[in-house]
Amino acid sequence: MFPRLASPALIFTLIPRCLGIWPIPRSLESGNQIIKLSSSFDISINFTHPPQDLLDAVARTKQAIQTDQLGRLVVGRGSTDSQAFGSANTFHTLVLALDHDAPTPRPIATEAVVGLDTRDESYSLSVPLDGSAGVVSANTTLGLLRGLSTFEQLWYTFDGMIYTNYAPLTIAKDFPAYIYRGFMLDTARNFFSVSDIKRTLDAMYLVKINTFHWHITDSQSWPIQIAQFPELARAGAYSVDQTFTPEDIQDVVSYAGERGIDVLIEIDTPGHTAIVGASHPDYVACYLSEWITFAGEPPAGQLRLVDPVVANFTADVLSAVAKTLPSTMFSTGGDELDTACYSADAPTQMNLNETGRTLFDALDDFTATTHGALHALGKTTVVWEEMVLEYNTTTLRNDTIVMVWISSDDAAAVVQKGFRIVHAPSNYFYLDCGAGEWIGNDPTGNSWCDPFKTWQESYTFDPLANISSGQESLVLGGEQLLWTEQSGPENLDSIVWPRAASSAEVFWTGDTLPDGFNRVQNISEALPRLHDVRYRMVQRGIKAIRLQPEWCALRPQACDG
Amino acid sequence: MLQSNLLIVAAAVSAVSALWPLPTQLSTGTTSLVLASDFDIDLSVISNPPQDLLDAVSRTKSYLQTDQLEALDVDRGASYAQSLQNASSLSSLSLSFDSGHSGDPTSISEEVADAIENRVEGYTLTVPEDGSAATIKANSTLGLFRGLTTFGQLWYDLNNTTYTVEAPIAITDSPVYPYRGFMLDTARNYFPVSDILRTLDAMSWVKMTTFHWHMVDSQSFPLEVPEFPELSAKGAYGSSLVYSTDDVQNIISYAAARGIDVLPEIDTPGHTAIIAEAYPEHVACPGATPWATYANEPPAGQLRFASADTTNFTASLISSVSSRFPGKYFSTGGDELNTECYAIDEPTQADLNATGNTLEQALDSFTQSVQSVLVDDGKTPVVWEEMVLNFNLTLSNETIVMVWISSADAAAVAEKGFRLVQAPSDYFYLDCGAGGWVGDSPSTNSWCDPFKTWQRAYTFDPVANMTDAQAKLVIGGEHLLWTEQSHASNLDPIVWPRAAASAELFWSGPGGNVSEALPRLHDVAFRMSQRGVGAIALQPLWCALRPGVCDISA
């Protein structure tokens, strides 16, 4: 009924035929023929000793293809496709192959946590038109898993028939432009259950996000139970029910690992630690003092970093957690240190006078202690940008990974100091922005990081902006983040998805789309695919929101500005 | 030292921590009282109690069992354990009519279908401290129902004991404004009936009176109209994404039993592009591009109101829909008319040439025809503000005008003598602040940025810049959800608890203090969550358990 905005010819060149794949592979050739999925469709593995988590992944893929039941996002939801079902070939088998024979291939969960410089997620995929077997091949089980997540996104359902209309399809080689593609969840401002986290990991898997940055504690609550320090959660969790036991942590770590996701736990120090005062009041400066003077948000309180006892305690806490985790990375935080808090703290001032140190000298010593303990466990330490740009911490090891959050403008300065970075800038990737002031008694207050960061804004992020040539390799990737002052299980899915898929494509696909177009200039092409992955998420029980009226979702480009 | 400060703060605000909207008169004590295990609600003095009152009583008793809400303080009520052991227990709540009431009672549903000025929502509630029977008295069944809602908010749970620590309680309550609404747009995206029913439940818990149902729009026509079956057959998103006549009756009766009138809206003559799927002859500029020239959002297309055929079609469509709603009010919309669309529409230009009418004159006769059908059916028409402020139209004096573009427009509407509902985008639009949704526009923000916090809505002044006489024309207000970016997946979190802010504003009256209100609003949100409505956290739980401590002034 309604004419499209652009001419048909223009639409044809702008929209790749694979509307469904997110992130879009780096190489892609596809046709527009329909093949049907056989009712006896199977995935076979052509090598011996496949690890159990690969078998499990195969089973999940087979299950998802059956249960997604996604109608193609066009007017009629695939009714026109059905006219070709009678003459279409049937697809019976997908074969998984390893490019290099290994006597015992390593589990996905192992490949997912190897050092960033050796992680291999590449794969190739073919789906022939004639009904012969398709193939996913890769160097690693992790690569095979990435191929499976692509394969799952090819299929639609109409009237009980599972089919794709993108045959023949060839992905000669797909591999990520950036090795770090993350999502951060804060489980301290408000608590989230293990099942909430697992559902989030499922969605992350679908869009090939490979790192779950778990901001597990903060000033408001300490939900993580640590066997050696039971008092922290006993006094600091919101309730016994709102804690993560060591078993819960292992459960999340294995669930993530099986889905190709590394778990980067952050215990933010020395700021953002007021809640430690609930069990160790002597360790915390300005505990519950007037927050507006001594903290970025309530409650006030920071570890007394000048005190060697506190530094050793902190190192022991971090080690106790870090040593239970397979990841090579661990974050000690380091953001938003409030110096007024320490200026007003008599024990801190006394110590500084006695030792003749400045506060930042003392922070250096504190960091040497905590990071030293983590390095002894073989961990690479991760910190927020202030540790490099504001506190001039001199004891950071060269391989420290720095997260840029305050502004995207700060990335170049961190790289210039020679550190590897993860892009997490509030002006592009903070999912909580734009929901208004949450502090009480402030009727006209807005979100500090207004406005809301749309998926479109995130999608146009340039990871290499102002990065000197020759230093591009210091950019590991990036992540979208959810700080949870105004979030809980009730709005987790709706605030995160599908928006967080935006950076997943930025950092997987990079600057150039498989058809040669520039990503940033083609958000109009991206939207139909993002709708598609969003609708697929909903079919899988993830409450991703609508980005537009359904009228627009069924008519690519018709609602462009 | 700080600990004792916290205690003082807590003591100062916890006295009425549960009730939302705040009753107009309230006194509470400090005596603990527990609910007896055989607690019951007694209607024996009411002859022939209506079925919907009996059902409301059952629901109230059920909530008392299932809410299981722990007090929102640091120890979640554990410090009351000792006093609860020795507390009296309440075994009965007695409902009765005041002396002003006579004859067999009318049902809640009948009372909410009455004209808004005739509705009686006031009640008195007492809960003695000694365990003797609590009472609710009212002059109407609707009033008894409002009292039950208040009673259900008094109770907390500690280790399976249901208790209050604020007995004795005495409440005399009635609303300041009779219209307290929530609007949902079910056309940009479709919402299943179950979502609407759940929303009606939440609305009733905060004593809202009106579900303003923006049923159709340019993007889809999900309403089944038996006289015009093609509208939904061709205009709904799918055959299962339709509100059947049974669905509509279900929604109406579910709402009415909960003290809520359904105000249906069929937006005309703009916002009607989708009608072209079934009746292309009635729609000007369907799908015209660029859409931005011919519509505020895609797709373009508006009813050919200069056409006599289209006028008759619209009048009989409105009549068909209106006849299925028992309420006194019906909205014909009237917002965002795009004149460019008519300028390029040849049939419209031909009609105007033939009659010698201007576009505005044609709109006037269209509006009169459509409105007269409603008036003949005994309905009061409701329109958006443009019909009064942008066009010189002949409208019945009874017409109710919804102010949406800006709160600054309310006084002008009142000056023209119309009753009005406050629905200003700068205070009550729940969709604002979620970024631009139009495609291919990376740095576009929400047109009505920023996000409207509950605090902003709560501080709205319904009678700003009005004379006393004009102020009397304000019948209330509503929060609204336009659903370009909403769907079942984010309905609850985008609406609750924010929409409760206007529910209290228009029940208890303006001038409330946001610092005092926040702990009670937390309480409402947590209780909603216990009852299966996904209200969001307004703050970290740390703050919710420590009233006042996360205020900017703390």
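The rules we used
Residues numbered from 1 in each chain as written. Chains lettered and ligands numbered in written order. Predicted model: local features only at pLDDT ≥ 70, side-chain atom pairs only at ≥ 80, totals over all residues. Heavy atoms only, no water. Helix = DSSP H or I, 4+ residues; strand = E, 2+ residues; numbered from the N terminus. Rg over C-alpha atoms; globule rule 2.2 N^0.38 Å. Contact = heavy atoms within 4.5 Å. Areas by Shrake-Rupley, 256 points an atom, 1.4 Å probe, with all protein chains shown as cover. Salt bridge = Lys/Arg side-chain N within 4 Å of Asp/Glu carboxyl O. Buried < 20%, exposed > 50% of the residue type's maximum accessible area, 1.4 Å probe, protein only. UniProt positions renumbered as here; feature names shortened; annotations may be inferred. Phe/Tyr/Trp six-rings, centres within 6.5 Å; stacked < 30°, edge-to-face > 60°. Lys NZ or Arg CZ within 6 Å of the ring centre and 35° of its normal. Core = buried A, V, L, I, M, F, W, Y, C linked by side-chain atoms within 4.5 Å. Expected span 1.5 Å × (residues − 1). Domains from an automatic or database assignment. Buried area = accessible area lost by both parts, 1.4 Å probe. Polar contact = N/O pair within 3.5 Å; in protein donor to acceptor, adjacent residues only side chain to side chain. Axes fitted to C-alpha atoms, helices over the stretch in contact; angles between N-to-C directions. Parallel < 35°, antiparallel > 145°, perpendicular 65-115°, else oblique. Left-handed = near helix turned anticlockwise from the far one by under 90°. Nonpolar A, V, L, I, M, F, W, Y, C, P; charged D, E, K, R; others polar. 1 Å grid on protein atoms, 1.4 Å probe; cavity = no way out; pocket = protein on both sides within 12 Å on 5 of 7 lines; lining within 4 Å. Points joined across faces, edges and corners; volume = space filled by probe spheres on them.

Enquirer: Whenever I open this one, the overall build of chain A confuses me. Can you help?
Expert: A count of helical and extended segments in chain A gives 20 helices and 16 strands. Its C-alpha atoms give chain A a radius of gyration of 25 Å, within 12% of the compact-globule value 24 Å for 561 residues. Here the analysis covers contacts within chain A between residues at least 6 apart in sequence; of these, 76% occur between residues at least 24 apart. By element, 51% of the accessible surface of chain A is carried by carbon and sulfur atoms, the whole surface being about 18,300 Å².

Enquirer: Quick question: what am I supposed to make of the pattern of salt bridges here?
Expert: It is possible for side chains of opposite charge to pair when their charged atoms get near one another. All names here are of chain B. Scanning all chains against the criterion turns up 46 salt bridges over all chains. Residues Asp40 and Lys61 are paired through a salt bridge, measuring 2.8 Å at the closest nitrogen-oxygen approach. Of the two residues, Asp40 sits in strand S1 (residues 25-42) while Lys61 sits in helix H2 (residues 51-66), which places them 21 residues apart along the sequence. On the accessibility criterion, Asp40 (36% relative accessible area) is partly exposed.

Enquirer: I'm lost on the UniProt feature "domain: Beta-hexosaminidase eukaryotic type N-terminal" (unreviewed entry) in chain B in this one. Help?
Expert: As recorded in UniProt, the feature "domain: Beta-hexosaminidase eukaryotic type N-terminal" (unreviewed entry) lies at residues 19-154 of chain B. Helix makes up 28% of residues 19-154 of chain B and strand makes up 28%, while its end C-alpha atoms are separated by 7 Å.

Enquirer: Looking at this structure, I do not really get the pairing of strand S12 (residues 329-333) of chain B. What am I missing?
Expert: Two faces make up the sheet, and in a regular strand the side chains alternate between them. Burial within S12 of chain B is extensive, with 5 of its 5 residues counted as buried. On S12 of chain B, burial covers both faces: Tyr329, Ser331 and Gly333 of chain B on one face and Phe330 and Thr332 of chain B on the other are all buried.

Enquirer: Any chance you could explain the packing of aromatic side chains here in plain terms?
Expert: Each aromatic ring pair is summarised here by two numbers: the centre-to-centre distance and the angle between the ring planes. Going through the model one piece at a time under the given rule, you end up with 54 aromatic pairs over all chains. The interplanar angle of 85° and the centroid separation of 6.2 Å between the aromatic rings of Tyr429 of chain B and Trp447 of chain B together place this pair among those described as edge-to-face. Of this pair, Tyr429 of chain B sits in the loop between helix H16 (425-428) and helix H17 (454-458) while Trp447 of chain B sits in the loop between H16 and H17, and the two are 18 residues apart along the sequence. Residue Trp447 of chain B is classed as exposed on the basis of its relative accessible area, which comes to 58%. Feature note: the residues Tyr178, Tyr428, Phe429, Phe461 and Phe507 of chain A constitute an aromatic cluster, connected by ring pairs. Between the NZ or CZ atom of Arg534 of chain A and the centre of the ring of Tyr535 of chain A, over which it lies, the distance is 4.5 Å.

Enquirer: Explain the nonpolar core here, please?
Expert: Generally speaking, soluble globular proteins have nonpolar side chains that are buried together. Judged by nonpolar contacts, the single largest core of 185 residues is most densely connected at Leu94, Phe151, Phe212, Trp214, Trp222, Ile265 and Trp497 of chain A. The element that contributes the greatest number of residues to this core is helix H9 (residues 308-322) of chain A, accounting for 8 residues. Dropping the residues within four chain positions of it, Trp214 of chain A is found in contact with Leu185, Thr187, Ile197, Phe244, Ile249, Val252, Val263, Leu264, Ile265 and Glu266 of chain A. Ranked by size, the runner-up nonpolar core spans 136 residues in total, among them Trp205, Ala410, Tyr427 and Ala525 of chain B.

Enquirer: What's the story with the environment of Gln51 of chain B in this structure? I'm lost.
Expert: Note that Gln51 of chain B resides in helix H2. Remark: the alpha-carbon pair of Gln51 of chain B and Ala257 of chain B, spanning 206 residues in sequence, is separated by 9.1 Å.

Enquirer: Got a minute to help me understand helix H13 (residues 359-376) of chain B in this structure?
Expert: The periodicity of an α-helix, 3.6 residues per turn, causes residues three or four places apart in sequence to face the same way. Residues and elements named next belong to chain B. Its 18 residues give H13 an end-to-end C-alpha distance of 26 Å, which sits within 8% of 26 Å, the value for a rise of 1.5 Å per residue. Each element contacted by the buried residues of H13 is listed here: strand S11 (302-303), helix H10 (308-322), S12, helix H12 (346-355), strand S13 (380-384) and helix H14 (386-389). Residue Gly378 follows H13 closely and has a positive phi angle near 80°.

Enquirer: Before we go on, may I ask you to explain the domain arrangement of chain B in this structure?
Expert: Often, the extent of an interface is quoted as the loss of accessible area on bringing the components together. All names here are of chain B. As assigned here, chain B comprises domain 1 (15-173) and domain 2 (179-515). Computed over C-alpha atoms only, the centres of domain 1 and domain 2 are separated by 35 Å. Each partner contributes to the interface: domain 1 provides 25 residues, whereas domain 2 provides 28 residues. Counting the surface lost from both domain 1 and domain 2, the interface buries some 2,200 Å², and carbon and sulfur atoms represent 55% of this. When the buried area of domain 1 at its contact with domain 2 is split by residue, Trp20, Pro21 and Ile116 rank highest and sum to 29% of it. Seen at the junction of domain 1 and domain 2, the total is 3 salt bridges. Between Glu121 and Arg180 there is a salt bridge, and its shortest N-O distance comes to 2.8 Å. Connecting domain 1 to domain 2 are 11 residue pairs in polar contact (both at pLDDT 80 or more). For the side of domain 1 that touches domain 2, the leading source of residues is helix H5 (residues 141-152), giving 5 residues.

Enquirer: I'm lost on the UniProt feature "domain: Glycoside hydrolase family 20 catalytic" (unreviewed entry) in chain B in this one. Help?
Expert: Under the present numbering, the feature "domain: Glycoside hydrolase family 20 catalytic" (unreviewed entry) in UniProt falls on residues 177-509 of chain B. Helix makes up 36% of residues 177-509 of chain B and strand 14%, and the two end C-alpha atoms of the span are 8 Å apart.

Enquirer: Looking at this structure, I do not really get the packing of H9 of chain A against helix H12 (residues 359-376) of chain A. What am I missing?
Expert: A pair of packed helices is captured by two measures, namely the crossing angle of their axes and the spacing between those axes. Residues and elements named next belong to chain A. Remark: H9 packs on H12, axes separated minimally by 8 Å, with the N-to-C direction vectors making an angle of 25°. With respect to each other, H9 and H12 are oriented roughly parallel. At the point where H9 passes H12, the crossing takes the right-handed sense. For the pair H9 and H12, contact is made by Val310, Ala311, Asn312, Thr314, Ala315, Leu318, Ser319 and Ala322 and by Phe366, Thr369, Thr370, Ala373 and Leu374, respectively. Within the contact of H9 with H12, the residues separate by chemical class into 8 nonpolar, 5 polar and no charged.

Enquirer: Quick question: what am I supposed to make of the UniProt feature "domain: Beta-hexosaminidase eukaryotic type N-terminal" (unreviewed entry) in chain A here?
Expert: Sites flagged by UniProt as "domain: Beta-hexosaminidase eukaryotic type N-terminal" (unreviewed entry) map to residues 21-154 of chain A. Counted over residues 21-154 of chain A, helix gives 24% and strand 28%. Its end C-alpha atoms are 7 Å apart.

Enquirer: Explain the layout of surface pockets here, please?
Expert: Taken as a whole, the second largest pocket spans an internal volume of roughly 830 Å³. As for the second largest pocket, its lining consists of 37 residues, of which Arg77, Glu550 and Leu554 of chain A together with Tyr237 and Gly238 of chain B are closest to the centre. For the lining of the second largest pocket, the elements supplying multiple residues, two or more each, are strand S5 (156-158), helix H19 (523-539) and helix H20 (550-553) of chain A together with helix H7 (230-235) of chain B. When residues of the lining of the second largest pocket are assigned to their parent elements, the largest contribution, 4 residues, is made by H19 of chain A. Of the residues belonging to the lining of the second largest pocket, the class tally is 16 nonpolar, 12 polar and 9 charged.

Enquirer: What am I meant to see in the interface of chain A and chain B here?
Expert: On the side of chain B, 67 residues touch chain A, which itself brings 61 residues to the contact. Summed over both sides, the interface between chain A and chain B buries roughly 5,200 Å², with carbon and sulfur atoms accounting for 59% of that surface. Inspection of the region where chain A meets chain B yields 0 salt bridges. In this assembly, chain A and chain B are joined by 32 residue pairs in polar contact (both at pLDDT 80 or more). Secondary-structure elements contributing two or more residues to the side of chain A that touches chain B are helix H8 (291-294), helix H16 (455-459), H19 and H20 of chain A. Here the element with the most residues in the side of chain A that touches chain B is H19 of chain A; it accounts for 4 residues.

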